[in-house]
Amino acid sequence: MMKLSVLDQAPIARGDTPEQTLENTLELAKWTEKLGYHRYWVAEHHNTNGLASSSPEIMMTRIASVTNKIRVGSGGVLLPQYSPYKIAEDFKTLAAFFPERIDLGVGRSPGGSQLTRSALTDNQNKSLREFPRQLADLQGFLHNSLPKDHEFRLVKAGPRIERVPPIWVLGLSERGATNAAEIGVGFVFGHFINPANGEKVIQTYHKKFQSSVSMDQPKTIVCIFVICAETEDEAEKLALTQDKWLLSVGKGADTKVPSIEEVQRKSFTQEELDIIKKNRERCMIGTPAKIKQKLIYLQDVYQTDEFMLITNIHDFEAKKKSYQLIAEAML
C-alpha cells in the first residue's frame, strides 16, 4: 500500500499574479482530494518574488475550508524563528476547526538570508542550535506534557482540545532524523532538495525512534519532484520549465517559473547543463508507467509507505494532469 500526498510551494508562473497563484493552490487542493491524495501541505518561504507561500497557517485555513477530507499541513513552519507556544496555539485552533485533518510540519531552516531572518525574529538573536529544545517545548505545549520543572509549565496552550495535530520534522540529514526520532515524531525526508544519503538518513530515524505522546511508531514521508505526462517527450518538455527554475534558484535568483517557450529560446552553458543534469537526481520525469516503477523502487529503498509529490512547472493544467496520471497509475 502506498499513500500519495502533495507539497505546494505556490510557485508563481511567469505571467501569473500572486493572487492567481493562490487561487491555483485552492483548485489544486480540491483536484488532488478528488483524485485520492492523502495530504496537501504548503511550504513557508520569505522575501521571494517567485513563491507565494509565505504564511502556511493562513493558507491551511483556506485550503481546509474548501476541501472535505484531505489532510492539510505545513511543509513546514520554520520553528527556529518563532515561539513554540504560539505555534501550538495556532495549530490547536486549526485542529479545532478541522478535527483529524491538520498536520504540523516544522523545519530548522533559517528562512532565507540573515537579513530576512532578522526581520522574522524582530532582531532577536535566536540560535538554530535551539531547535531540539524548541521541538520538545512545542510537543509539550501541544500535549500539556511539559516537565514539572519547566519554566512555562503553568502556561497552557489553547484551545484545550483532546486530539492535537501530529508533529512532523522536515530534514535532509541524520541530525534532522535524530531530532525527530528522539522526541518521537514523524520524519519527512527532502529527496527533492538533496537525495544524498537518503536511505541512511531514514535508517537512522527508524533506529533511534522512541515512542512518545505524539506517536508510538515511527512514520516517514519522502518528498520528491515529479513531472508526469502521457508521453516521455511531453514530460521532458514540461520539465524544461522546472529545470530552468531550479537553475535560477540555485544561482540565488529570485525568479518565477518560466514558460516552455522562454526556456526553448535560451542557450545553456556546459556548466549550466551539468547542473541541470545533477538536479534531475532530485526528480522523477516520465510516463505514468515510468513514474510508478520509480516510486515502487524508492518505496523499497526508503522503506516508506508515503510519498509527497511536488511539481513546479509553468503550465497549471499540465500540473493538474500530472497529478491525475500518477493517481490513476498508483491509487
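In short, a report on the structure. In this text the structure is predicted, and so the values were computed from the model without any measurement.

1. Section: the packing of aromatic side chains
Piece 1. All chains considered together, the criterion is met by eight aromatic pairs.
Piece 2. Judged by centre distance (6.1 Å) and plane angle (70 degrees), the rings of Trp-41 and Trp-168 are edge-to-face. Taken together, the positions of Trp-41 in strand β2 (residues 39–42) and Trp-168 in strand β6 (residues 167–171) put the pair 127 residues apart, joining distant regions of the chain. Grouping residues by exposure puts Trp-41 and Trp-168 together as buried.
Piece 3. Its end group placed over the ring of Phe-268, Lys-266 keeps NZ or CZ at 5.4 Å from the ring centre.

2. A word on the side chain of Lys-256
Piece 1. Examined against the element boundaries, Lys-256 turns out to sit in the loop between α8 (232–250) and α9 (260–264).
Piece 2. Buried charge without a partner: Lys-256 forms no salt bridge, and the closest opposite charge is Glu-19, 8.6 Å away.

3. Concerning the nonpolar core
Piece 1. By size, the foremost hydrophobic cluster in this structure holds 95 residues, and its most contacted members are Tyr-37, Leu-104, Val-106, Leu-295, Phe-307 and Ile-326.
Piece 2. Top contributing element to this core by residue count: strand β8 (residues 220–228), with eight residues.
Piece 3. Sequence-distant contacts of Phe-307, defined by excluding residues within four places in its chain, comprise Met-2, Lys-3, Leu-4, Ser-5, Ile-221, Val-222, Leu-295, Leu-298, Gln-299 and Tyr-302.

4. Details of the pattern of salt bridges
Piece 1. This structure, assessed with the given rule, holds 17 salt bridges.
Piece 2. The salt bridge involving Arg-14 is made with Glu-262; its shortest N-O contact spans 2.9 Å. Pair noted here: Arg-14 is in the loop between β1 (3–8) and α1 (18–35) and Glu-262 is in helix α9, with a separation of 248 residues, a long-range link.
Piece 3. The exposure class of Arg-14 is partly exposed, given its relative accessible area of 36%.
Piece 4. Exposure remark for Glu-262: the relative accessible area of 26% places this residue in the partly exposed category.
Piece 5. For Asp-103, the salt bridge identified is with Arg-39, shortest N-O distance 2.9 Å. Here Arg-39 lies in strand β2 and Asp-103 lies in strand β5 (residues 102–107), a separation of 64 residues in the sequence.
Piece 6. The exposure class of Asp-103 is buried, given its relative accessible area of 0%.
Piece 7. Note on Arg-39: relative accessible area 6%, which makes it buried.
Piece 8. Where salt bridges share partners, they join Arg-39, Arg-71, Asp-103 and Glu-306 into one cluster.

What counts and what doesn't
- Residues numbered from 1 in each chain as written.
- Predicted model: local features only at pLDDT ≥ 70, side-chain atom pairs only at ≥ 80, totals over all residues.
- Heavy atoms only, no water.
- Phe/Tyr/Trp six-rings, centres within 6.5 Å; stacked < 30°, edge-to-face > 60°.
- Helix = DSSP H or I, 4+ residues; strand = E, 2+ residues; numbered from the N terminus.
- Buried < 20%, exposed > 50% of the residue type's maximum accessible area, 1.4 Å probe, protein only.
- Lys NZ or Arg CZ within 6 Å of the ring centre and 35° of its normal.
- Lys, Arg positive; Asp, Glu negative; His and termini not counted.
- Salt bridge = Lys/Arg side-chain N within 4 Å of Asp/Glu carboxyl O.
- Core = buried A, V, L, I, M, F, W, Y, C linked by side-chain atoms within 4.5 Å.
- Contact = heavy atoms within 4.5 Å.

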